[in-house]
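Residues per chain are reported as follows:
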Amino acid sequence: GKYTSLQMDNSPLKIAYLKFDLTSFAGKTIESAKLRLKVFNYSEQMQRLKYVASNSWSETGMTFENKPSLGNIFATFEGGDVGETIEIDITNVINTNVGKIFSFAIENTDSDGLYINSREASSGKPELVITVN
């Protein structure tokens, strides 16, 4: 909750956790949901988006020892160049979580870490762009 980047790496292990409040979309049909991430540190490695078992975590309260467990992979994407905005279509996953708090993690498959801007960055914060019917 105090750094301007989220870091994903397999060696040493670094996992980024994100949480979005979808409660205001209850009862609505989502036509499109795109996750936008701004690259802070180059990596071309594959990244995995995984379900998170619990929404009870907080940015300042999570540690390696108390982090929520990860579930199945629901999307993958390749890293990118510094300054690039990566867009991942996660419409199906968002449609199944409409009306809820939705947590997920980004996990790197290699030791070539990817860093993305966090919500504490001055610009290029992670965002979920949703189009409603």
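Sequence positions are assigned chain by chain, starting from 1 and proceeding in written order. Under the rules for a predicted model, residues below a pLDDT of 70 receive no local features and side-chain atom pairs below 80 are neither given nor counted, while totals for whole chains, interfaces and linings still include all residues. With hydrogens and water stripped out, all remaining heavy atoms of the structure feed into the side-chain values.

Side note on unusual backbone geometry
The condition is simple: Numbering of helices and strands starts at the N terminus; helices are DSSP runs of H or I of at least 4 residues and strands are runs of E of at least 2.
Geometrically, the link from Ser-11 to Pro-12 is a cis peptide bond, its omega value of 0 degrees lying close to zero. One can find Pro-12 in the loop between strand E1 (5-10) and strand E2 (13-21).

Quick notes on the pattern of salt bridges
Under the convention used in this document: A pair is scored as a salt bridge if a Lys or Arg side-chain nitrogen falls within 4 Å of a carboxyl oxygen belonging to Asp or Glu. We call a residue buried when its accessible area falls under 20% of the maximum for its residue type, exposed when it is over 50%, and partly exposed in between, using a 1.4 Å probe and counting protein chains only.
For the structure shown, the criterion picks out seven salt bridges. A salt bridge links Arg-36 to Glu-127; the shortest N-O distance between them is 3.6 Å. With Arg-36 in strand E3 (residues 30-41) and Glu-127 in strand E9 (residues 127-132), this pair connects stretches of sequence that are 91 residues apart. The exposure class assigned to Arg-36 is partly exposed, which follows from its relative accessible area of 30%. Judged by its relative accessible area of 37%, Glu-127 falls in the partly exposed class.

Brief notes about the packing of aromatic side chains
Our working definition: Aromatic rings from Phe, Tyr and Trp, with only the six-membered ring used for Trp, were paired whenever their centres fell within 6.5 Å, and each pair was classed as stacked if the ring planes differed by under 30 degrees, edge-to-face if by over 60, and tilted otherwise. Working rule: Lys NZ or Arg CZ, within 6 Å of ring centre, within 35 degrees of ring normal, means a charge sits over the ring.
In this structure the tally under the stated criterion is seven aromatic pairs. The structure contains a cluster of three or more aromatic residues connected by ring pairs, namely Phe-20, Tyr-51, Phe-74, Phe-102 and Phe-104. Lys-19 extends its terminal NZ or CZ atom over the ring of Trp-57, reaching a point 4.5 Å from the ring centre. Positioned above the aromatic ring of Phe-64, the side-chain terminus of Lys-67 is 3.8 Å from the ring centre.

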